[in-house]
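# Observations on the three-dimensional arrangement
Below are the chains, spelled out letter by letter.
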Amino acid sequence: MKDMSDQVRAIVFVVLVVALTFVWVRFFQRPQPPQKPGQTVSQTAPTAGTAQPSEAHPPLVTTPQAVNIPVVQAAAERVVTVESSLYHIEISNRGGIVRSWTLKKYFDDQKPPHPLDLVNSDAAQELGWPFSLLLADSQLEAQANSGLYDVQMASNATGGTAPAMRADTGIFNAPVSVTLHWSDGRLEVRKKLTFSQDYQISAEVSASLDGKPLACGVSWRGGFGDRAVYNASQLVTAFYQQAGKITAIPYNKLGRPDNRILPYEQAGQMEFAGLEDQFFAAAFIPNGTDLYLSHWTQWHHYTANNQQASDPVAEIAVGSASPGPVKFLAFIGPKELALLGKVQPSLEGLVQFGWTGVIAKPMLFALQWMHRYIPNYGWTIVIFTLALTMALLPIRVWTFHSMRKMQVLAPEMKAIQDRYRKYSMRDPRRQKMNEEIMAMYARHGLSPWSQMGGCLPMLLQLPFLWAFYRMLAGAIELRHAPWIFWIHDLSAKDPYYVLPVAMAVTSYLMTKMMPQPATVDPSQQRMMAFMPLALAFIFFRLSSGLNLYYFTSNLVGVAQQLYLNRTQPLPSRSKFNKKNKQQ
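Residues numbered from 1 in each chain as written. Predicted model: local features only at pLDDT ≥ 70, side-chain atom pairs only at ≥ 80, totals over all residues. Heavy atoms only, no water.

With that out of the way, let us pick up the overall build of the chain. The helix and strand inventory of the chain stands at 14 helices and 20 strands. Here the chain holds 583 residues, and the buried ones make up 43% of them. Per element, the accessible surface of the chain, about 31,500 Å² overall, is 59% carbon and sulfur. (Helix = DSSP H or I, 4+ residues; strand = E, 2+ residues; numbered from the N terminus. Buried < 20%, exposed > 50% of the residue type's maximum accessible area, 1.4 Å probe, protein only. Areas by Shrake-Rupley, 256 points an atom, 1.4 Å probe, with all protein chains shown as cover.)

Encoded structure:
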């Protein structure tokens, strides 16, 4: 074989140098860092299969070409407003988040009142906004939640023509679909929110890195609900339903047990999950993909009265643990039973009546039915209480007769007890006293339990009282519902404590007018007289509607008792009464 000429050797040398240079650039060059938003991507990012310099033996297989992802960014920040007869929603393309979710039919406690915004803008500026993205990588998450998204509007969920925008306000009327798209050349995020004319929306959110789908979640950060109520931040709870059972998690139980500000993923798949306060809820329902719940507590720092203060803020995220898009439905609005029942699965369980539900729910339906004819909920409560108290009148009459008989027997019983008072409680002769008392009951056709009859109306009223309390705690119909003069909100406490005091006074009158059992001693009487004061202390901070219910019930009870006392006075025929008068 002839030796190669110098020219051939030179050509082979050049080819080898070019080949080695290509291999070095292709397989051994360090990957470039991800581009920041706003920068132009000048070269393709390396794929996950690219060999790193630290590898001793690079793979011999050919690495596939990286996906060429175009940069998608808006030129400037923009706020899109979507509106229906029920809500007014503002969406910013800076992060693709929700800045305002206002309910038109419900108002806050400002003077003058404004439509209620479920987003706490003060806390959100510090802690993040609703519908921000949640990713495992905090750096990628920060980029996704600060990028300027391109916004596309459509008249319906399937795309279609652009919806009509009111020229005077720039507001889009529902139904409308908002698509938010952003990419820095590596990380790409899409959010599609479809708004109906009611409180329900549908959403699809996806994120990918270098063309590969990521597991992601959608969070509600920065607080939720009516922040003007007493202890508002502590009333917000996370909730979820599994196997038909709803579980509520208070703010101080959110997050990891060892560090509450770190997200904790609740085990199991959710039928629905979300955030709620006393009267409003944001519930997220899976729609073709699994849904997890992650929750935690952050702290909002602010200045009040020239002093630093902090409030806990409950935050959640819902998403899918599997890479790919997250699809869900959401109900964001009032916890009104009729509306919650229309959602599938039903969200009626969010209005929690506890064990009194069998009483509280019919009571609420009865109030709603009566309110059709009585426009004022305060007077509706008064009429409802009158009807309920009159329904219990036969029991009150039976109790009155029983107590009257016990009063007639009081001197005879006292005489029996005095004869055996000298014996100790362990003396066998005490048994004889009990036998004589039982014989006395038998002669007069009474039961030993008759002396407890005075407590029966109160015991029967307790379930209704507790049910009324639970109903008022969850019935949004009574929120900001006025009665008369100073009562502007039946779900809030009486600002001047008139109703609690009136309730205590009528309770005291009831105690004094009821026939006293035969065995009540002075210490028990003093305790019974103290009970109305204790009730007033408890009821001072309870809702005006509950105080109105109890006061009306007591007022009717006083009138009934006064009538019974006058029409059926205590009989004076008793040899024991005559004997006592002679002494």
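That bond from alanine 174 to proline 175 is cis: its omega, 5 degrees, falls within 30 degrees of zero. Mapped onto the elements of the fold, proline 175 is located in the loop between strand 7 (171-173) and strand 8 (176-183). Backbone geometry at asparagine 306 places phi at a positive 65 degrees, although glycine is not the residue there. With respect to the helices and strands, the residue asparagine 306 is situated in the loop between strand 18 (292-304) and strand 19 (307-319). The class for asparagine 306 is exposed, based on a relative accessible area of 78%. With a phi close to 60 degrees, histidine 480 is a non-glycine residue in the positive phi region. Residue placement: histidine 480 occurs in the loop between helix 10 (456-474) and helix 11 (498-513).

Moving on, we come to helix 7 (residues 377-391). Look at helix 7: 21 Å from first C-alpha to last across 15 residues, which is about the 21 Å you get at 1.5 Å a residue. Taken residue by residue, helix 7 has Tyr377, Gly378, Thr380, Ile381, Val382, Phe384, Thr385, Leu388 and Thr389 as its buried positions. Where helix 7 begins, one side-chain oxygen reaches toward the backbone nitrogen of glycine 378, 2.7 Å away; that side chain belongs to asparagine 376. (Expected span 1.5 Å × (residues − 1). Polar contact = N/O pair within 3.5 Å; in protein donor to acceptor, adjacent residues only side chain to side chain.)

A few words on the sheet that holds strand 4 (residues 115-117). The strand order across the open sheet formed by 5 strands is 4-3-2-1-7, and the pairing between neighbours is mixed. The open sheet has two free edges, formed respectively by strand 4 and strand 7, since each of these has just one partner strand. Across the sheet, the mean angle separating the axes of adjacent strands is 25 degrees when strand polarity is ignored. (Pairing = 2+ DSSP bridges. Axes fitted to C-alpha atoms, helices over the stretch in contact; angles between N-to-C directions.)

Turning our eyes to something else, we now look at the nonpolar core. If you look at the biggest cluster of nonpolar residues, it comprises 111 residues, and the most contacted ones within it are Trp101, Phe131, Phe195, Trp220, Phe284 and Phe468. Among the elements that make up this core, the one with the highest residue count is strand 17 (residues 280-286) (6 residues). Ignoring anything within four residues of it in the chain, the contact list for tryptophan 220 reads Trp101, Leu118, Val119, Pro130, Phe131, Leu275, Phe284, Glu315, Ile316 and Ile332. Listed in part, the 10 residues of the second largest apolar core include Tyr420, Tyr423, Ile437 and Met440. (Core = buried A, V, L, I, M, F, W, Y, C linked by side-chain atoms within 4.5 Å. Contact = heavy atoms within 4.5 Å.)

Summed over the entire model, instances satisfying the criterion amount to 20 aromatic pairs. Here tryptophan 466 and tyrosine 469 contribute two aromatic rings whose centre-to-centre distance is 5.1 Å and whose plane-to-plane angle is 35 degrees, an arrangement assigned as tilted. Separated by 3 residues within a single helix, tryptophan 466 and tyrosine 469 lie in helix 10, roughly one turn from each other. By relative accessible area, tryptophan 466 is classed as partly exposed at 37%. Relative accessible area serves as the criterion here: at 30%, tyrosine 469 is assigned to the partly exposed category. Here the aromatic rings of phenylalanine 468 and tyrosine 549 are separated by 4.5 Å at their centres, their planes lie at 15 degrees, and the arrangement is stacked. Taken together, the positions of phenylalanine 468 in helix 10 and tyrosine 549 in helix 13 (residues 544-567) put the pair 81 residues apart, joining distant regions of the chain. Each member of the pair phenylalanine 468 and tyrosine 549 is classed as buried. Within the aromatic cluster, the residues linked to one another by ring pairs are Tyr87, Trp101, Phe131, Phe195, Trp220, Phe224, Phe284 and Phe328. Seen from the ring of tryptophan 129, arginine 99 lies directly overhead, with NZ or CZ sitting 4.6 Å from the centre. (Phe/Tyr/Trp six-rings, centres within 6.5 Å; stacked < 30°, edge-to-face > 60°. Lys NZ or Arg CZ within 6 Å of the ring centre and 35° of its normal.)

Okay, the side chain of serine 219 next. Within the fold, serine 219 resides in strand 12 (residues 217-220). Residue classification places serine 219 among the buried residues on the basis of a relative accessible area of 2%. Once residues within four sequence positions are removed from consideration, serine 219 is found in contact with Trp129, Pro130, Phe131, Ser132, Trp296, Ile316 and Ala317.

Right, let's get into the pattern of salt bridges. If charged atoms from side chains of opposite charge come close, those side chains can pair. In the structure shown here, the tally under the stated rule is 11 salt bridges. Taken together, the shared-partner salt bridges connect Glu77, Arg94 and Arg99 into one network. (Salt bridge = Lys/Arg side-chain N within 4 Å of Asp/Glu carboxyl O.)

A word on the sheet that holds strand 15 (residues 264-266). The 5 strands are arranged 5-12-19-18-15 in an open sheet whose pairing can be described as antiparallel. Each edge of the sheet is formed by a strand with only one pairing partner; in this case those strands are strand 5 (132-134) and strand 15. Across the sheet, the mean angle separating the axes of adjacent strands is 35 degrees when strand polarity is ignored. Of the strand pairs in this sheet, strand 12 and strand 19 are connected by 4 bridges, and their pairing is antiparallel. When the sheet's bridge partners are listed, serine 219 is paired in strand 19 with alanine 317.

For the pair helix 8 (residues 393-419) and helix 13, the least separation of the axes is 11 Å and the interaxial angle reads 45 degrees. The angle between helix 8 and helix 13 places the two elements in the oblique class. Where helix 8 crosses over helix 13, the handedness of that crossing is right-handed. Each of Leu393, Arg396, Val397, Phe400 and Arg404 in helix 8 lies in contact with helix 13, whose residues at this interface are Gly557, Gln560, Gln561, Leu564 and Asn565. Partitioning the contact of helix 8 with helix 13 into residue classes produces 4 nonpolar, 4 polar and 2 charged. (Parallel < 35°, antiparallel > 145°, perpendicular 65-115°, else oblique. Left-handed = near helix turned anticlockwise from the far one by under 90°. Nonpolar A, V, L, I, M, F, W, Y, C, P; charged D, E, K, R; others polar.)

Another point: the pairing of strand 13 (residues 237-242). Burial analysis of strand 13 places 5 of its 6 residues in the buried class, the great majority of the element. One ladder, built from 5 bridges, connects strand 13 with strand 14 (residues 245-249); its direction is antiparallel. Bridging across to strand 14, glutamine 241 finds its partner in isoleucine 246.

The next subject is the environment of valine 178. Relative to the helices and strands, valine 178 resides in strand 8. Classification of valine 178 by relative accessible area gives buried; the value is 0%. Sequence separation between valine 178 and glutamine 152 is 26 residues; the distance between their C-alpha atoms is 6.0 Å. Discounting residues that sit within four places of it in the chain, valine 178 has contacts with Val82, Ile91, Val151, Gln152, Met153, Lys191, Lys192, Leu193 and Phe195.

Moving on: the environment of serine 206. Considering the arrangement of structural elements, one finds serine 206 in strand 10 (residues 200-209). You can call serine 206 partly exposed: its relative accessible area is 22%. On a C-alpha basis, the gap between serine 206 and glycine 217 in space is 8.7 Å, while along the polypeptide they are 11 residues apart. The contact partners of serine 206, leaving out residues within four places of it in the chain, are Glu188, Val189, Arg190, Cys216 and Pro325.

Before going further, it helps to examine helix 11. Compared with an ideal rise of 1.5 Å per residue, which puts 16 residues at 22 Å, helix 11 spans 23 Å between its outermost C-alpha atoms and is within 8% of the ideal. Looking only at helix 11, the buried set comprises Leu499, Pro500, Ala502, Met503, Ala504, Thr506, Ser507, Met510, Thr511 and Met513.

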